[in-house]
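In case you want the letters, here they are:
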Amino acid sequence: MQNSEKNLKKEKRKYVKNQLIKLGFLSDDNIEGYSEDRILLLVDYLIEIKEKEKKLLSKEKEQYKKRENHFLYSDLLNNIANNDTEKLKDNILKKTKLKCSEKEYNYFKIFIKNNYPKKLEILRSIIRINRNYSKVPQEKFQNILNNYERKLCQIADYINDSSNELFNIINFNYVNKVDEEKISSKILDGYHDFLNMKFHFDAMIQVIIYDILHESFNKETRDTRYNKIYNFLDSYYNFIKERLKDFKTKASKNIFFDFFIFLLYYEEVSNWKENIKIEEEINEISYFNKINPIDKYTQLEYAIEESMNNSEHNTLNYSRYIFISNFEEFPELFDLMNENGLIEFEKLKKFKKEDISKTKENEIIYGKKKIKNNYDRIKEALLDFIKKYPIINEENLQVLKASINAIENYEPLIKPFRKKLMTCVLDPELRYSKIVIKYLRKLITKGIYYEKGIPEEFIRATLLQKIILNISIEISNIRSEEIKREFFGEFFYKFYQTMDDIYKNIPIYNFFTENLYDKMKS
């Protein structure tokens, strides 16, 4: 009996350690330099956690698992695949023996969760709005004309300011004052570096979309810029992979803290991998080929109408002004802009010939006047979804058309629900599940690329994201926070340097200023 228990314990440890190797936290040759005793401390604690979870399983579920998971543990960290690691991270954090008040830490996480998306929305606005406009009258906006380096400085400054502001825990909204000693600076620094990295990677993707692959550039320009950024990313990936192949850092004394930080990055990487997998899956669908793009004047009318209707609720509007960035076909718009590129609603009314009726809207989306029976339900559900994700612009008729086409035509069943996308979207609960949101957003994105007449750029954007992801995986596996920060910093610098080289002598209009986004935040 004793030997049997010893063998079982040995077998459990073997499974768990192999899972840590499979995840990438440990390597076969222990290049991380942890002592066997430290590794066993982590392994045994993970077994303890899993044993407690197993006791909660119903008998039926235990029977269903049968031999496959008899020792637990081929699915040790299965929650990671479902992006649900909070409980595991909290358990691991307790074992780090670093100062961390549960109450203060929960406030901290809520604060980050609530405020990070707002910061991200503003960062994306900086990148989307401050760019090259070939038809803007330079003489009128001479005072905001800049080079690309100025835009890069604005991106970097905003990311640094936002990261610091998110971690100024004295200013938490939840309590009058937080004792910094209740959350170890080591934990805060680790989170700070992680969110700083997230900001930068999102910024890089937005820069690719708006400054490399945007529809306002002709195909030759897009091709040239794509090739330059692709060559940089591909060569940098090969360089960093080779550089880190046998890279060693001094072994950390706190394997639990290392694993906690690892989980932060691993969860983000897993989420990103799933997004790219969905994009590659969506690349195979062809029904968007049948979509006829909406003419620009109709798009402009719809944007004006919806902006006026939603002016009180839209973050990017204040004091009855709007920024219209995608209508260079109408140079008269630039005559109406103030120094921030904003136009008063009243001045835009002359561009509206008539209100877009429900029948006309239906004709634009479906190509026929007869309104489908479920159109109102789909649109209502869709707008409810979009309003919770301000990064998706509900004032864009292309978004509405692409969304409805995606919802009605996407046939594959969404796992794990085994239901079609339209069924999921019409369900008030399933609509906000993580997987449905991912499919919907990616399908909307592909539809918009087709609407803009540049479908090939959806595929190229996915390919560039995949290389950036691979670079991120290589660097995020470094155990030393200081060295990891150094490598990420080097990568960001060289990426932006490449963008600056691409944009030599090309003017950038700095419409979106600190003054403007300060007003947006107030």
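Residues numbered from 1 in each chain as written. Predicted model: local features only at pLDDT ≥ 70, side-chain atom pairs only at ≥ 80, totals over all residues. Heavy atoms only, no water.

Core analysis: the biggest nonpolar cluster contains 153 residues, and Ile92, Ile155, Leu233, Phe491 and Phe495 have the highest contact counts within it. Setting aside chain neighbours within four positions, we find Leu233 in contact with Leu464, Ile467, Ile468, Ile471, Phe491 and Phe495. (Core = buried A, V, L, I, M, F, W, Y, C linked by side-chain atoms within 4.5 Å. Buried < 20%, exposed > 50% of the residue type's maximum accessible area, 1.4 Å probe, protein only. Contact = heavy atoms within 4.5 Å.)

What follows deals with the pattern of salt bridges. The tally for this structure, following the rule as stated, stands at 26 salt bridges. Across the pair Lys17 and Glu36 runs a salt bridge, and its minimum N-O distance is 3.5 Å. Here Glu36 lies in helix 2 (residues 36–55) and Lys17 lies in helix 1 (residues 2–23), a separation of 19 residues in the sequence. Given the relative accessible area of 41%, Glu36 is considered partly exposed. When the shortest N-O distance is used, the salt bridge between Asp202 and Arg124 registers 2.5 Å. Taken together, the residues Asp202 in helix 8 (residues 185–211) and Arg124 in helix 6 (residues 102–129) connect sequence positions 78 residues apart. Exposure remark for Asp202: the relative accessible area of 14% places this residue in the buried category. Taking the relative accessible area as the measure of exposure, Arg124 reaches 15% and is therefore buried. (Salt bridge = Lys/Arg side-chain N within 4 Å of Asp/Glu carboxyl O. Helix = DSSP H or I, 4+ residues; strand = E, 2+ residues; numbered from the N terminus.)

Turning next to the packing of helix 7 (residues 148–166) against helix 20 (residues 481–502). Direction vectors running N to C along helix 7 and helix 20 enclose 155°, while the axes themselves pass 9 Å from each other. Overall, the two elements helix 7 and helix 20 adopt an arrangement that is roughly antiparallel. Considering how the two elements wind past one another, helix 7 and helix 20 form a crossing that is right-handed. The segment helix 7 lies against helix 20, with Tyr148, Glu149, Leu152 and Ile155 engaging Tyr496, Met499 and Asp500. Looking at the contact of helix 7 with helix 20 residue by residue, the class counts come to 5 nonpolar, no polar and 2 charged. (Axes fitted to C-alpha atoms, helices over the stretch in contact; angles between N-to-C directions. Parallel < 35°, antiparallel > 145°, perpendicular 65-115°, else oblique. Left-handed = near helix turned anticlockwise from the far one by under 90°. Nonpolar A, V, L, I, M, F, W, Y, C, P; charged D, E, K, R; others polar.)

Here we come to the confidence of the model for the chain. Detailed conclusions should not be drawn from predicted coordinates in areas where pLDDT is low. Here the chain shows a mean pLDDT of 79. Residues at 70 or above account for 79%. Of all secondary-structure elements in the chain, the lowest mean pLDDT belongs to helix 3 (residues 59–65), at 45, while helix 9 (residues 219–243) reaches the highest, 96. Of the regions scoring below 50 in pLDDT, residues 79–83 engages in 13 contacts with residues more than four places distant in sequence or in other chains. Here residues 170–178 is a poorly scored stretch, pLDDT under 50, and it has 17 contacts once near neighbours within four places are set aside; other chains count. (pLDDT = per-residue confidence, 0-100.)

Okay, the side chain of Glu481 next. With respect to the helices and strands, Glu481 occurs in helix 20. One polar contact links Glu481 to Lys484, side chain to side chain, over a distance of 3.2 Å. The contact partners of Glu481, leaving out residues within four places of it in the chain, are Gly190, Asp193 and Ile261. (Polar contact = N/O pair within 3.5 Å; in protein donor to acceptor, adjacent residues only side chain to side chain.)

Take Phe334: it is sitting in helix 12 (residues 332–336). For the pair Phe334 and Val136, spaced 198 residues apart in the sequence, the C-alpha separation amounts to 6.5 Å. Ignoring sequence-local partners within four residues, the contact set of Phe334 consists of Lys135, Val136, Pro137, Lys140, Phe141 and Glu328.

This paragraph deals with the packing of helix 6 against helix 8. Put simply, helix 6 and helix 8 touch, their axes get as near as 10 Å, and they point 25° apart. Viewed along their axes, helix 6 and helix 8 adopt a mutual orientation that is roughly parallel. Between helix 6 and helix 8 lies a crossing whose hand is right-handed. On the side of helix 6, the interface is formed by Tyr105, Phe108, Lys109, Ile112, Tyr116, Lys119, Leu120, Leu123, Arg124, Ile127 and Arg128, while helix 8 contributes Leu188, Tyr191, Leu195, Lys198, Phe199, Asp202, Ala203, Gln206, Val207 and Tyr210. Among the residues forming the contact of helix 6 with helix 8, the class breakdown is 14 nonpolar, 1 polar and 6 charged.

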